[in-house]
Amino acid sequence: MSSGSHTSSSQTDIFAATGATDDSPVFTEICNALYERELLVLSQASAAQISYLQRRLAALPHRIQRAAHYLANHKTPLAVDSHNGTWQCKQAPKCPAHKITPEDTQTWYTGHAAYGLPVPVRLLRFDEEHIELDSIDRVQPENEMVHTNKYGWFTFDGVSQANNTDTDYTLLKPTKAVMSAACCGHRWNHKGRLAPRTLSLRELLLSTTVKWKKFTLNT
């Protein structure tokens with residue numbers, strides 16, 4: 001009994017020392033899961049990336065606490081697996097990207113493309129596909145193009161301007177099914193569902209900015 005109390009107290013002290021304001025058990029459990037996951041990722045960095053590693057470690061407490069606080073306290077259409085620090089929802093038999101037409105995408109981005117907007121990008125590599133969250137950092141309405149932070153330029157109808165022979169990228173109109181799949185890491189191949197992938201901390205933080213009512217920056 002005393003050992004368990006000491007462990008719980010130690011964990012509370014760790015999060016308090018790093019500036020956390022949420023001491024709920026769910027928040028603490030999510031923080032533990034995210035720290036474990038991110039430290040494993042950072043442990044695989046090469047010796048040549050020491051300055052990058054130092055910057056990542058310095059920012060880690062704030063980024064993890066921000067994600068954990070949102071998952072623990074905000075209502076969304078998704079469930080939260082606090083043990084793993086992930087979003088959960090029922091996976092569709094097929095990727096919902098196939099229900100989105102280029103015309104749908106062009107109409108939507110013509111009206112809603114904006115700096116900072118979280119958007120879904122479908123990735124198809126060989127026989128595996130999934131949807132990732134990215135964010136818009138440039139808009140060129142005169143050319144009907146947007147630039148996303150990770151995957152670069154797309155036309156308003158979703159066509160990638162990247163020259164990549166291994167992976168096809170498609171910008172999608174955000175819908176509940178598409179954004180849910182992106183947040184939960186759902187994957188598919190020609191046989192159907194695959195085991196979900198784990199979101200990076202960057203993607204998880206992007207998921208906390210999704211406006212589930214309209215998917216625009218304006219609520």
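Conventions adopted
- Residues numbered from 1 in each chain as written.
- Predicted model: local features only at pLDDT ≥ 70, side-chain atom pairs only at ≥ 80, totals over all residues.
- Heavy atoms only, no water.
- Buried < 20%, exposed > 50% of the residue type's maximum accessible area, 1.4 Å probe, protein only.
- Helix = DSSP H or I, 4+ residues; strand = E, 2+ residues; numbered from the N terminus.
- Contact = heavy atoms within 4.5 Å.
- Core = buried A, V, L, I, M, F, W, Y, C linked by side-chain atoms within 4.5 Å.
- Phe/Tyr/Trp six-rings, centres within 6.5 Å; stacked < 30°, edge-to-face > 60°.
- Salt bridge = Lys/Arg side-chain N within 4 Å of Asp/Glu carboxyl O.
- Pairing = 2+ DSSP bridges.
- Expected span 1.5 Å × (residues − 1).

J.: Can you walk me through helix α5 (residues 176-184) in this structure?
T.: Note on helix geometry: an α-helix contains 3.6 residues per turn, so any two residues three or four positions apart are oriented the same way. Summarising burial for α5: seven of the nine residues are buried, a large majority. Check the buried side of α5 and you find it contacts β2 (86-88), β3 (118-125), β4 (128-140), β8 (187-189) and α6 (201-207).

J.: Would you take a moment to explain the nonpolar core for this structure?
T.: Note on soluble globular proteins: their nonpolar side chains tend to be buried together. Core analysis: the largest hydrophobic core is formed by 48 residues, its most contacted members being Trp87 and Ile131. Those elements giving two or more residues to this core turn out to be α2 (25-42), α3 (50-73), α4 (102-112), β3, β4, β7 (167-171), α5 and α6. Considering each element in turn, this core owes the most residues, seven residues, to α3. Apart from the residues lying within four places of it in its own chain, the contact partners of Trp87 are Tyr70, Leu71, Thr76, Leu78, Ala79, Val80, Cys183, Cys184, Leu204 and Ser207.

J.: So what exactly am I meant to see when it comes to the packing of aromatic side chains here?
T.: Both the distance between ring centres and the angle between the ring planes are used here to describe each pair of aromatic rings. Inspection of every chain in the model, using the stated rule, returns four aromatic pairs. Aromatic side chains Trp108 and Tyr109 sit 5.0 Å apart centroid to centroid with 75° between the ring planes, which places their arrangement in the edge-to-face category. Judged by relative accessible area, Tyr109 falls into the buried class, the value being 0%. Geometrically, the ring pair formed by Trp212 and Phe215 is edge-to-face, given 5.8 Å between the ring centres and 70° between the ring planes. Accessibility classification places Trp212 together with Phe215 in one group, the buried group.

J.: Even after reading the chapter, I still don't get the pattern of salt bridges, so can you show me in this structure?
T.: Note on pairing: side chains with opposite charge can pair once their charged atoms come close. This model, assessed by the stated rule, comprises five salt bridges. Note that Glu38 is salt-bridged to Arg56, the shortest N-O span being 3.2 Å. Taken together, the residues Glu38 in helix α2 and Arg56 in helix α3 connect sequence positions 18 residues apart. Exposure remark for Arg56: the relative accessible area of 23% places this residue in the partly exposed category. Note that Glu203 and Arg197 form a salt bridge whose closest N and O atoms lie 2.5 Å from each other. Of the two residues, Glu203 and Arg197, neither departs from the other in class, the shared state being buried.

J.: Is there a simple way to think about the pairing of strand β6 (residues 152-155) in this case?
T.: Consecutive side chains along a regular strand alternate between the two faces of the sheet. Sheet topology note: the strand β5 (residues 145-148)/β6 ladder contains four bridges and is antiparallel. Within β6, the position partnered with Val146 by the bridge is Phe154. Here β5 folds back onto β6 in antiparallel fashion, the turn holding three residues.

J.: So what exactly am I meant to see when it comes to α2 here?
T.: Across its 18 residues, α2 extends 26 Å between first and last C-alpha, which sits within 8% of the 26 Å expected from 1.5 Å per residue. Looking only at α2, the buried set comprises Phe27, Thr28, Ile30, Cys31, Ala33, Leu34, Tyr35, Glu38 and Leu42.

J.: What is the right way to read unusual backbone geometry from this model?
T.: Most peptide bonds take the trans form, and the phi angle of most residues other than glycine is negative. Unusually for a residue other than glycine, Phe126 sits at a positive phi of about 55°. Among the secondary structure elements, Phe126 is positioned in the loop between β3 and β4. Despite not being glycine, Glu144 shows a phi value in the positive range, around 55°. Judged by its relative accessible area of 33%, Glu144 falls in the partly exposed class.

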